[in-house]
Amino acid sequence: DGGITQSPKYLFRKEGQNVTLSCEQNLNHDAMYWYRQDPGQGLRLIYYSQIVNDFQKGDIAEGYSVSREKKESFPLTVTSAQKNPTAFYLCASGAGTASYEQYFGPGTRLTVT
Amino acid sequence: GQNIDQPTEMTATEGAIVQINCTYQTSGFNGLFWYQQHAGEAPTFLSYNVLDGLEEKGRFSSFLSRSKGYSYLLLKELQMKDSASYLCAVGGGATNKLIFGTGTLLAVQP
């Protein structure tokens, strides 16, 4: 089946540790996105990539890093510099310049204590 | 600036009709999307409007007025499973980014 996978569903880390969230898609989409969702707030864009080996900062990129070495994969690293990392993280992909529609993965709930 | 407004919460009765409004002010416009999100799950696509008017898809319909910066999502014959957050999002600019509203949490009561 085509789709987007994120793993793990739940992730727990100690403060001060970096953690990498995985996102893989087999939809052959050029564009991929990372969002953060906090209770009572909408989706906020962290980073996005429109093509392999290229990515841009979104609205809240501080404390995060990404890579796009393969079309299918767009991992997000939450670094120790992110002051409030506990959140629900959603990865999405889209066809890119041809379409604004985005398809979402199941999300990873990160808890940092 | 970019701004999307929608009500925070709404309550409706099973079997009834509910309308969720969304107003937007964005620097560009390439269509308006509605997504449904159940708690703890991923948003799923409901509808897309790029031209003015009403798009109907089963129990769900979505309306757009570009001149007014306004859209609504209409849900008919409400079912308990329709209890979820409904996210309004606008495609803007040349970088295929979606700008999301904060979502409307709909509670369907028996």
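See the structure above.
Below is a short write-up of the structure. (Residues numbered from 1 in each chain as written. Chains lettered and ligands numbered in written order. Predicted model: local features only at pLDDT ≥ 70, side-chain atom pairs only at ≥ 80, totals over all residues. Heavy atoms only, no water.)

**A word on the overall build of chain B**
Applied cut-off: By the criteria applied, helices consist of DSSP H or I runs no shorter than four residues and strands consist of E runs no shorter than two, each listed in order from the N terminus. The globule rule used here is 2.2 Å times the number of residues to the 0.38 power, and the radius of gyration it is set against is calculated over C-alpha atoms. A 1.4 Å probe rolled over the protein chains alone gives each residue an accessible area, and that area as a share of the maximum for its type sets the label: buried under 20%, exposed over 50%, partly exposed in between. Contacts are assigned to residue pairs with any non-hydrogen atoms lying within 4.5 Å of each other. Per-residue accessibility takes into account occlusion by the displayed protein chains alone, with areas from the Shrake-Rupley method and a 1.4 Å probe. Here the positive residues are Lys and Arg and the negative ones are Asp and Glu; neither His nor the chain ends is included. The atoms used to mark charge sites are NZ of Lys, CZ of Arg, CG of Asp and CD of Glu.
Within chain B, the regular secondary structure consists of zero helices and 11 strands. Along chain B, from the amino end to the carboxyl end, the secondary structure elements read β-β-β-β-β-β-β-β-β-β-β. Rg of the C-alpha trace for chain B: 13 Å, near the compact-globule value of 13 Å for 110 residues, within the 12% margin. Referenced to the eigenvectors of the C-alpha coordinate spread, the extents of chain B come out at roughly 45 × 30 × 20 Å. Among the 110 residues that make up chain B, the fraction classed as buried is 47%. Restricting to contacts in chain B with at least 6 residues of sequence separation, those with at least 24 account for 55%. Here chain B displays about 5,200 Å² of accessible surface, and carbon together with sulfur accounts for 50% of that area. Computing the positive centroid from 7 side-chain charges and the negative centroid from 9, chain B places the two 7 Å apart.

**Brief notes about the overall build of chain A**
Broken down by element type, chain A carries zero helices and 11 strands. Computed over C-alpha atoms, the radius of gyration of chain A comes to 13 Å, within 12% of the 13 Å expected from 2.2 N^0.38 for 113 residues, which places it in the range of a compact globule. The burial tally for chain A puts 48% of its 113 residues in the buried class. Pairs at least 24 residues apart make up 52% of the contacts formed inside chain A by residues separated by at least 6 positions. Total accessible area computed for chain A in this model is approximately 5,600 Å², and 47% of it derives from carbon and sulfur atoms. When the 11 basic and 11 acidic side-chain charges of chain A are each reduced to a single mean position, those positions are 8 Å apart.

**Re the state of the cysteines**
Defined as follows: By convention in this document, the label disulfide applies to cysteine sulfur atom pairs within 2.5 Å.
In this structure the tally under the stated criterion is two disulfides over all chains. Across the disulfide, A:C23 is cross-linked to A:C91 (sulfur-sulfur distance 1.9 Å). For the disulfide bridge between A:C23 and A:C91, the dihedral angle about the S-S bond is near -75°, and by the sign convention the bridge is left-handed. Taken together, the residues span a long stretch of sequence, with A:C23 in strand β3 (residues 19-25) and A:C91 in strand β9 (residues 87-94) at a distance of 68 residues. Sulfur-sulfur distance for the disulfide between B:C22 and B:C88 comes to 2.0 Å. Where B:C22 bonds to B:C88 through sulfur, the torsion about that S-S bond is close to -70°, and the disulfide is left-handed. Here B:C22 is found in strand β3 (residues 18-25), whereas its partner B:C88 is found in strand β9 (residues 84-92), with 66 residues between them in sequence.

**What about the environment of B:I17?**
Residue and element names in this part refer to chain B. Note on placement: I17 falls in the loop between β2 (9-13) and β3. Residue I17 is classed as exposed on the basis of its relative accessible area of 57%. For I17, the residues in contact, after removing those within four places along its chain, are L74, L75 and K76.

**Description of the pattern of salt bridges**
All names here are of chain B. Going by this rule: Salt bridges, as used here, are contacts in which a Lys or Arg side-chain nitrogen is within 4 Å of a carboxyl oxygen on Asp or Glu.
Scanning the entire structure with this criterion turns up six salt bridges over all chains. The residue K76 makes a salt bridge to E56 at a minimum N-O spacing of 3.7 Å. Of this pair, K76 sits in the loop between β8 (70-75) and β9 while E56 sits in strand β6 (residues 53-57), and the two are 20 residues apart along the sequence. In this structure E56 comes out as exposed when scored by relative accessible area, which is 56%.

**Describing the pairing of β9(A)**
All names here are of chain A. To keep it simple, the criterion reads: For two strands to be treated as a pair, DSSP must find no fewer than two bridges joining them.
Within β9, eight of the eight residues are buried, leaving the element largely enclosed by the surrounding structure. Here β9 shows two buried faces, one formed by A87, Y89, C91 and S93 and the other by F88, L90, A92 and G94. Bridge analysis of strand β4 (residues 31-37) against β9 gives seven bridges, and the strand direction is antiparallel. Residue pairing for β9: W34 is matched across the bridge by C91. For β9 and strand β11 (residues 108-112), the ladder comprises three bridges, and the chain directions are antiparallel. Its bridge partner being in β11, A87 is matched across the sheet by L110.

**A word on a nonpolar patch on the surface**
Let me state the cut-off plainly: What makes a patch is a set of residues exposed beyond 30% relative accessible area and free of salt bridges, joined within 9 Å when like-charged and within 5 Å when nonpolar (Val, Leu, Ile, Met, Phe, Trp, Tyr).
Together, B:Y48, B:V50 and B:L51 give the surface a local cluster of nonpolar side chains, amounting to about 270 Å² of exposed area. Mapped onto the elements of the fold, B:L51 is located in the loop between β5 (44-49) and β6.

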